[in-house]
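# Chain and residue survey
In case you want the letters, here they are:
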Amino acid sequence: YAGLVGVYETLRGWGLQRKAWTVPPALQLGRVAALKAELAQHSWPTDARVVLTGSGRVGRGAAEMLHAAGFASVSPSNFLAGAPGPCFTVLEANDYAARTTDGGFDRHEFRTEPHRYSSTLAPYLAVATVYVPCHFYAEGGPAFFTADDVLRPGNRLEFVGDISCDIAGPVP
């Protein structure tokens, strides 16, 4: 349930931060069906663009909740090209990391020797309003971004719903 409840609470937190909408805490509603019904009642801003990293159980749950909320799923390339919101994209590891030496990607190497890789998430974070990490993180893997990265002029990222919660990991 981490992805399902995590995205619900992410959208709740983002609304509170924006002072634009409120939904009750997930704990008050209790059931996943009630969470989905609550989010389905909302009209989301057209600038709502969510990037998810990871497509395992947590990522699939997060995507399921975004669908229930009325967000359209778009390909990574369409997301970068400016697909209209509310929308989201799901990034696989090869979309958000590349070998530092040559830009390549090998899934086994990424999991066993993550220090050889660097983040390629910056273009997505520049156009996303919300980032939801749901990925596997290996100790020694690349930081996805820094606090300075999100403070750059023109960056649209407003909220991070860190479902993966990798303390001192890829998310500052």
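Structural notes, computed from the coordinates. Predicted model only: the values in this text are computed from it and were never measured. (Residues numbered from 1 in each chain as written. Predicted model: local features only at pLDDT ≥ 70, side-chain atom pairs only at ≥ 80, totals over all residues. Heavy atoms only, no water.)

A few words on the nonpolar core. Grouped together as the largest cluster of nonpolar side chains are 26 residues, with contacts concentrated most on Leu-11, Leu-52 and Phe-71. Contributing elements (two or more residues each) for this core: α1 (2-18), α3 (32-40), β1 (49-53), α4 (57-68) and β6 (130-133). Not counting the four nearest positions on each side in its chain, Leu-52 is found in contact with Gly-59, Ala-62, Ala-63, Leu-66, Phe-88, Thr-89, Val-90, Leu-91, Val-132 and Cys-134. Core analysis: the second largest hydrophobic core is formed by 19 residues, Ala-93, Phe-110, Phe-144 and Phe-145 among them. (Core = buried A, V, L, I, M, F, W, Y, C linked by side-chain atoms within 4.5 Å. Buried < 20%, exposed > 50% of the residue type's maximum accessible area, 1.4 Å probe, protein only. Helix = DSSP H or I, 4+ residues; strand = E, 2+ residues; numbered from the N terminus. Contact = heavy atoms within 4.5 Å.)

For the rest of this paragraph, the subject is the environment of Leu-11. Along the chain, Leu-11 turns up in helix α1. C-alpha separation for the pair Leu-11 and Leu-66, spaced 55 residues apart in sequence, amounts to 9.2 Å. Among residues more than four places away in sequence, those in contact with Leu-11 are Trp-21, Leu-39, Trp-44, Leu-66, Ala-69 and Phe-71.

The subject of this paragraph is the packing of aromatic side chains. Geometrically, a pair of aromatic rings is defined through the distance of the ring centres and the angle of the planes. Taken as a whole, this structure holds eight aromatic pairs when the rule is applied. For the pair Trp-44 and Phe-71, a centre-to-centre distance of 5.6 Å together with 50° between the ring planes defines the contact as tilted. Residue Trp-44 is found in the loop between α3 and β1, and its partner Phe-71 is found in the loop between α4 and β2 (72-73); the two are separated by 27 residues along the sequence. Take Trp-44: its relative accessible area is 9%, and that puts it in the buried class. (Phe/Tyr/Trp six-rings, centres within 6.5 Å; stacked < 30°, edge-to-face > 60°.)

A few words now on the pairing of β1. Most of β1 sits out of view: five of its five residues are buried. Side chains Arg-49, Val-51 and Thr-53 project from β1 onto one buried face, and the interleaved Val-50 and Leu-52 project onto a second face that is buried too. With five bridges connecting them, β1 and strand β3 (residues 87-91) associate as parallel partners. Paired with Leu-52 across the bridge in β3 is Val-90. (Pairing = 2+ DSSP bridges.)

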